[in-house]
Amino acid sequence: MKFKSVFDIIGPVMIGPSSSHTAGAARIGRVARNLFDRQPKTASIHLYGSFAQTYKGHGTDVAIVGGLLDFDTFDERIKNSLHLAKNLGMEVSFHVEEAIPEHPNTAKIVLSDDQGELELVGISIGGGKIEITELNGFKLRLSGHHPAILVVHNDKFGAIAKVSNILAKYEINIGHMEVSRKEKGMLALMTIEVDQNIDEVILKEIESLEAIEKVTTIVE
């Protein structure tokens, strides 16, 4: 097994006790917050497998909520995140699920407010690394460790090529790309991980394309 750096072995700087149950959990929460793009009014957190069994003792609960408050893994405020969320008016609920997940460290987060709702499923794969495996019913594979563009579009010929051409025009390198759709000819989700944060001008150009419904980003 090859490691890119020493940090892949020892894990990230974090609030303990477990990189899988705290650092990974915080990152799942923070990606959800990033994609929701604002502080939610309610957060319904569903825990599966190992997360469900040990979430209080290992700090998974405070870690996820800390992420939802946009705290990084090393932020000392994570320890008090449940209290801070309550003071900010965020209604948080935890649900222990009995269903057996594909990965033992799995969480589903449902965020909502008067403007809308977001549902995200994430897994903590160890060493603080995560994967987002589902977003609003779309299957995907998103690491959350790189800048990314998520493009909701009509499932029509040429839509993917047009987005790729814009990124090529601005010399944006694609590290990973995949497309998910619930049904042929309906809405689809393009997930593109890139090597740098994307300028707002580029995002607007993508958003203006025919067949594009919505563009969301994850910044580094």
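Residues numbered from 1 in each chain as written. Predicted model: local features only at pLDDT ≥ 70, side-chain atom pairs only at ≥ 80, totals over all residues. Heavy atoms only, no water.

- By the naming in an unreviewed UniProt entry, the protein chain goes by L-serine deaminase and is assigned to Niallia nealsonii.
- Looking at the Cofactor (unreviewed entry) heading of the UniProt record, one finds this comment for the protein chain: "[4Fe-4S] cluster". (UniProt positions renumbered as here; feature names shortened; annotations may be inferred.)

## Digging into the nonpolar core
- One finds Leu 35, Leu 47, Ile 64, Leu 68, Leu 120, Leu 135 and Leu 150 to be the most contacted residues of the largest nonpolar core, which totals 39 residues.
- Counting the residues that make up this core, at least three belong to each of domain 1 (12–135) and domain 2 (143–219).
- For Leu 68, the residues in contact, after removing those within four places along its chain, are Gly 29, Arg 30, Ala 32, Arg 33, Ala 43, Ile 45, Met 90, Ile 109 and Leu 111.
- Counting 15 residues, the second largest nonpolar core, distinct from the first, contains Ile 149, Ile 172, Leu 203 and Ile 212. (Core = buried A, V, L, I, M, F, W, Y, C linked by side-chain atoms within 4.5 Å. Buried < 20%, exposed > 50% of the residue type's maximum accessible area, 1.4 Å probe, protein only. Domains from an automatic or database assignment. Contact = heavy atoms within 4.5 Å.)

## Brief notes about the sheet that holds strand β10 (residues 212–218)
- Here we have four strands laid out as an open sheet, ordered β8-β9-β7-β10, and antiparallel in their pairing. In this open sheet, the two edge strands, each paired with only one partner strand, are β8 (174–181) and β10. Adjacent strand axes in the sheet meet at a mean angle of 15°, parallel and antiparallel pairs treated alike.
- Bridge count between strand β7 (residues 148–154) and strand β9 (residues 187–194): seven bridges; the pairing is antiparallel. By the bridge assignment for β9, Asn 154 is matched with Leu 187.
- Along the sheet, helix α6 (residues 159–169) makes contact with β7, β8, β9 and β10, crossing β9 at roughly 25°. (Pairing = 2+ DSSP bridges. Helix = DSSP H or I, 4+ residues; strand = E, 2+ residues; numbered from the N terminus. Axes fitted to C-alpha atoms, helices over the stretch in contact; angles between N-to-C directions.)

## Focus on the pairing of strand β1 (residues 42–48)
- Counting buried positions over the seven residues of β1 gives six, a clear majority of the element.
- Two elements, β1 and strand β2 (residues 91–96), share six bridges in a ladder whose sense is parallel. Each residue of the ladder has a partner; that of Leu 47, found in β2, is Val 96.
- One ladder, built from seven bridges, connects β1 with strand β3 (residues 105–113); its direction is antiparallel. Residue Leu 47 lies in a different strand from β3, and its bridge partner there is Ala 107.

## Considerations on the UniProt feature "domain: ACT" (unreviewed entry) in the protein chain
- Taken from the UniProt record, the annotation "domain: ACT" (unreviewed entry) applies to residues 148–220.
- Between the end C-alpha atoms of residues 148–220 there is a gap of 9 Å, over a span that is 26% helix and 41% strand.

## Thoughts on the domain arrangement of the protein chain
- Along its sequence, the protein chain is carved into domain 1 (12–135) and domain 2 (143–219).
- Its C-alpha centre places domain 1 at a distance of 25 Å from the equivalent point of domain 2.
- At the junction of the two partners, domain 1 supplies eight residues and domain 2 supplies nine residues.
- Surface buried jointly by domain 1 and domain 2 totals about 670 Å² across both partners, of which 65% is contributed by carbon and sulfur atoms.
- Among the residues domain 1 hides against domain 2, the three largest losses belong to Asn 34, Leu 35 and Leu 135. Together they make up 57% of the total.
- Counting every contact that joins domain 1 to domain 2 gives zero salt bridges.
- Those elements giving two or more residues to the side of domain 1 that touches domain 2 turn out to be α2 (19–36) and β5 (129–135). (Buried area = accessible area lost by both parts, 1.4 Å probe. Salt bridge = Lys/Arg side-chain N within 4 Å of Asp/Glu carboxyl O.)

## Focus on the pattern of salt bridges
- If you walk through the whole model with that rule in mind, you get nine salt bridges.
- Between Asp 70 and Arg 30 there is a salt bridge, with its nearest N and O atoms 3.0 Å apart. A residue pair is termed long-range when its members are at least 10 positions apart, and Asp 70 in the loop between α4 (60–68) and α5 (81–87) and Arg 30 in helix α2 qualify at 40 residues.
- Here Arg 30 falls in the partly exposed class, since its relative accessible area comes to 30%.
- A salt bridge links Glu 207 to Lys 204, with the shortest nitrogen-to-oxygen separation between them at 4.0 Å. Taken together, the positions of Glu 207 and Lys 204, both in helix α7 (residues 200–207) and three residues apart, correspond to about one turn of that helix.
- Judged by its relative accessible area of 34%, Glu 207 is partly exposed.
- One connected set of salt bridges, linked through shared partners, spans Arg 30, Asp 70 and Asp 72.

## Let's talk about the side chain of Ser 81
- Inspection of the secondary structure puts Ser 81 in helix α5.
- Assessed through its relative accessible area of 0%, Ser 81 is described here as buried.
- Sequence-distant contacts of Ser 81, that is, excluding residues within four places in its chain, are made with Val 62, Val 65, Gly 66 and Leu 69.

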